[in-house]
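# Residue-level structural notes
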Amino acid sequence: MLFLTQQGTEANITVYEPEQRTRMGFVQSWLGMARNLVRSRDLIYQLFKRDLLSTYKQSFFGIFWIVIAPLIGIVSWLFMNYAGILNPGDVGVPYPVYLLLGTTLWGAFMSFYSASASGLSSGGSLILQVNFSHEALIAQQIAQTAVNLLVNITTFILILALFRVRPQWTSLFFPLTIVPIFCLAVGIGMVVAVFSVVVHDVTKVVTSFLGLLLFLTPIIYGPRIPNPLIQEIIWWNPLTHLVGAARDVVLYGRIEHPGGYVLAVLLSVFVFLLSWRLFFVSERRVAEKL
Amino acid sequence: MGEDVVLSADQISKKFCRDLRQSMYYGALDVCRSMIGRVSTRRHHLRQGEFWAVNHVGFALKRGETLGLIGANGSGKSTLLRILNGVYEPDAGRVTIQGRVGALIALGAGFHPLMTGRENIYLNGTILGMATREIDVKFDEIVDFADIGEFLDAPVKTYSSGMQVRLGFAIAMQSDPDILLVDEVLAVGDASFQKKCFERVLSMITRGTAMIFVSHSMSTIERLCTSGLLLSHGKQAFWGSARECVQRYFGELGNDNLLAKKSPTKIGLGEVTFSAVSVYQDGGSPDNPNIEVGKDFIIQFSYEFVKKVSDKNQVRVWIKTFEGRDVQRIFFQECPFIDNKIYPNEIIVPLKKAGTVKIHVRNPRLFPQTFRVDIGIAPLDIDVHLGALADAAAFNITHPATEQMYLEYGNMTVTNFSYDVTVS
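Okay, so let's go over this structure. (Residues numbered from 1 in each chain as written. Chains lettered and ligands numbered in written order. Predicted model: local features only at pLDDT ≥ 70, side-chain atom pairs only at ≥ 80, totals over all residues. Heavy atoms only, no water.)

What follows concerns the interface of chain B and chain A. Facing 57 residues of chain B, the contacting portion of chain A comprises 47 residues. Carbon and sulfur atoms supply 61% of the area buried between chain B and chain A, which totals about 4800 Å² over both sides. The interface formed by chain B and chain A includes 1 salt bridge. E17 of chain A is the partner of R94 of chain B in a salt bridge, and the nearest nitrogen-oxygen pair spans 3.2 Å. Our count for the chain B to chain A interface comes out at 6 residue pairs in polar contact (both at pLDDT 80 or more). Those elements that place two or more of their residues in the side of chain B that touches chain A are β1 (5-17), α1 (20-35), α2 (77-84), β4 (92-98), α3 (117-127) and α4 (132-146) of chain B. Counting residues per element, the side of chain B that touches chain A draws most heavily on α1 of chain B, at 9 residues. Split into classes, the residues belonging to the side of chain B that touches chain A amount to 25 nonpolar, 16 polar and 16 charged. Where strand β1 (residues 13-16) of chain A meets β4 of chain B, 4 bridges bridge the pair, whose relative direction is antiparallel. What sits directly across from I13 of chain A, in β4 of chain B, is Q98 of chain B. (Contact = heavy atoms within 4.5 Å. Buried area = accessible area lost by both parts, 1.4 Å probe. Salt bridge = Lys/Arg side-chain N within 4 Å of Asp/Glu carboxyl O. Polar contact = N/O pair within 3.5 Å; in protein donor to acceptor, adjacent residues only side chain to side chain. Helix = DSSP H or I, 4+ residues; strand = E, 2+ residues; numbered from the N terminus. Nonpolar A, V, L, I, M, F, W, Y, C, P; charged D, E, K, R; others polar. Pairing = 2+ DSSP bridges.)

Rendered as structure tokens:
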């Protein structure tokens, strides 16, 4: 161990200069951030453990709450179904299944977004006290979200069984379809993370706007809308395709608009890579505003 | 970088904005700029409402050297430390660091109160940049040093504040830095832990760790540091030997400067007025407020009652540090506190309608520094001043001439010094 630390000290030369990262090329900044993430994997794990466990520390059921809460959710879905409240017309599968999968995906999008958007401010005093890779804060928050998503998906599988819906074989691609949703959410989130430290309204504005998008995405209603204008708007909403595709591979075994989907995927990957760079070059500048 | 130089700061500057709204605007502008990849050319200029918190500071630190960072409150010490620690990005200049930086600035950063000491050691350790394996190896040493015993597996919430600080310190010390940034944290914990910390820091220095030490305790700076850096309003006022640096610091706070800054303020009912307040060395001239360390001195003032209604008044004199912390009170009264009973240290001095009070302070243990004096007179039974004068006078305890006297007065502990009072 002594050998290890000493070796580390010999080579390490650190330079702090104004706008160091701004001078970096695009690819260089992506690599830099990726390197930071790999280097701080221990830290990400520890922060993750802290936040995951501490939520359940002074509680009777402890970590089981992760499972208990969604189970209660299932009961309410079943109730609404048998009470006949949920019946918006034919979507090809039992509506609660359609709705629950859609909202789970939407929820994943929103929580990936807010996890990364609140990444910097959640670091708060820590950022002012200690020098560490701030990417770790965002990665940590995202990991929490991922855990919740896994639990939600497990719940959804239970619901599928309850309603006797057989998922299509294309469900195997489901994890892949999550990736573009993740990219778009985190892409928007990272830019908001930096700006929200400087101007506090940014989070509110973007979050409300994204909240509105829920109604422009076929999640609580089916994909066929009679009004051509609304149809047009819905088509240009990337989330229509991203969420739709993830849902379609599970329930229908196809992707409704492959062309639109490809465009949406390209857009989200582009947003992600761009905002990764934007975050990396500017996040150091905002530490003093925290 | 030259041979053995582990840290060099080259003309570093950092600006801040006083106004929150403006700071928000500039911040958004700067973020946008850096996002589109434009390197600002006007970073060296101040925009409206901005000021230099650190202004062209440059120094170098070699292996095993200890640099004392001193300056009045708000002179930029913490900002500089944060730049060196990589928390703030400098606005100009360049910092080059060779090796690992450890900061004893915020002990126990990121501690979670509900998690156990064991869990927090790993958490805090990784925050400070240690790998999990590294903490595994050093775990026992940390626990041993923090001396938290059976509390190891209890939530940190249940720790006393001293225990938390000890744990934080123990972890920070284990990160084995090449450069240690210390911000007044050595003054935490009980006496035995302080001694342990001190020894630990000293042993690190002898092994070659360089240190930057921020403190308001000039005695500690002089004992511990090889060089000193004096900041004044963000500017580098002096960089050189620690001894000279401390002297400059006192010079800066010195007499002229000080009296110009703090003018006497009248408070109370205005039924007593004070005049001719002076503090001077015993046997010296009343005009000279510079007192050699360790020498007796006189606090002298004249008072006059507008109308003296009672014979039960108390004269109160406070000696404060320049920053305003009480160092010593000198109270005496016209009659005993409780009728017919005089306490061992109680001084009874009857006052006339007007007169001069002369307090002879014997064998004071005040470390070289500037002190201020408040005076007042109040009735014994009511806590309202008939008249008082805040910042009535200031005096300097000047620097000792010999090394020997440093040892004697180096550790300033002001405990009730003795005095006697004459009224004429």
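A separate point is the environment of M24 of chain A. All names here are of chain A. For M24, the location among the structural elements is in the loop between β1 and α2 (26-39). The sequence separation of M24 and L251 amounts to 227 residues, and the corresponding C-alpha distance is 45 Å. Ignoring sequence-local partners within four residues, the contact set of M24 consists of S29, R277 and F280.

On to the packing of helix α3 (residues 41-55) of chain A against helix α7 (residues 135-162) of chain A. What describes two packed helices is the angle between their axes and the distance between those same axes. Residue and element names in this part refer to chain A. Axis separation between α3 and α7 bottoms out at 9 Å; the angle between their running directions is 50 degrees. By the angle between their directions, the pair α3 and α7 is classed as oblique. Read as a crossing pair, α3 and α7 show a hand that is right-handed. Together, L43, I44, L47, F48, D51 and L52 of α3 and A136, L137, A139, Q140, A143, Q144 and V147 of α7 make up the contact between the two elements. Class assignment of the residues belonging to the contact of α3 with α7 gives a composition of 10 nonpolar, 2 polar and 1 charged. (Axes fitted to C-alpha atoms, helices over the stretch in contact; angles between N-to-C directions. Parallel < 35°, antiparallel > 145°, perpendicular 65-115°, else oblique. Left-handed = near helix turned anticlockwise from the far one by under 90°.)

What follows concerns the pairing of strand β18 (residues 387-398) of chain B. Residue and element names in this part refer to chain B. Among the 12 residues of β18, 11 are classified as buried, and the element is accordingly described as predominantly covered. Examined bridge by bridge, strand β10 (residues 265-267) and β18 share 3 bridges and lie antiparallel to one another. The residue bridging T265 from the neighbouring strand is A390, located in β18. Pairing analysis gives 3 bridges linking strand β12 (residues 290-292) to β18, with the strands arranged parallel. Looking at β18, one finds that E292 is bridged to T398. (Buried < 20%, exposed > 50% of the residue type's maximum accessible area, 1.4 Å probe, protein only.)

Okay, unusual backbone geometry next. With phi around 55 degrees, R164 of chain A is a residue other than glycine that occupies positive phi space. One can find R164 of chain A in the loop between α7 and α8 (174-198). The exposure class assigned to R164 of chain A is exposed, which follows from its relative accessible area of 76%. With a phi close to 50 degrees, Q11 of chain B is a non-glycine residue in the positive phi region. Along the chain, Q11 of chain B turns up in strand β1.

All names here are of chain B. The 4 strands lie next to each other as β11-β13-β16-β19, forming an open sheet whose pairing is antiparallel. Only two strands of the sheet have a single neighbouring strand rather than two, namely β11 (272-281) and β19 (418-423). Strand-to-strand twist of the sheet, defined as the mean angle between neighbouring strand axes without regard to direction, takes the value 15 degrees.

Let's shift gears to the packing of aromatic side chains. Ring pairs (aromatic) are described by centroid distance and by the angle formed between their planes. Overall, the coordinates contain 16 aromatic pairs over all chains when judged by the stated rule. Here F16 of chain B and Y88 of chain B contribute two aromatic rings whose centre-to-centre distance is 5.4 Å and whose plane-to-plane angle is 75 degrees, an arrangement assigned as edge-to-face. Taken together, the residues span a long stretch of sequence, with F16 of chain B in strand β1 and Y88 of chain B in the loop between α2 and β4 at a distance of 72 residues. Residue classification places F16 of chain B among the buried positions, given a relative accessible area of 18%. A relative accessible area of 7% means that Y88 of chain B is categorised as buried. Ring centres of Y303 of chain B and F305 of chain B lie 5.9 Å apart, and the angle between their planes is 85 degrees; on these two criteria the pair is classed as edge-to-face. Grouping aromatic residues by their ring pairs yields a cluster made of F112, F182, F272 and W276 of chain A. (Phe/Tyr/Trp six-rings, centres within 6.5 Å; stacked < 30°, edge-to-face > 60°.)

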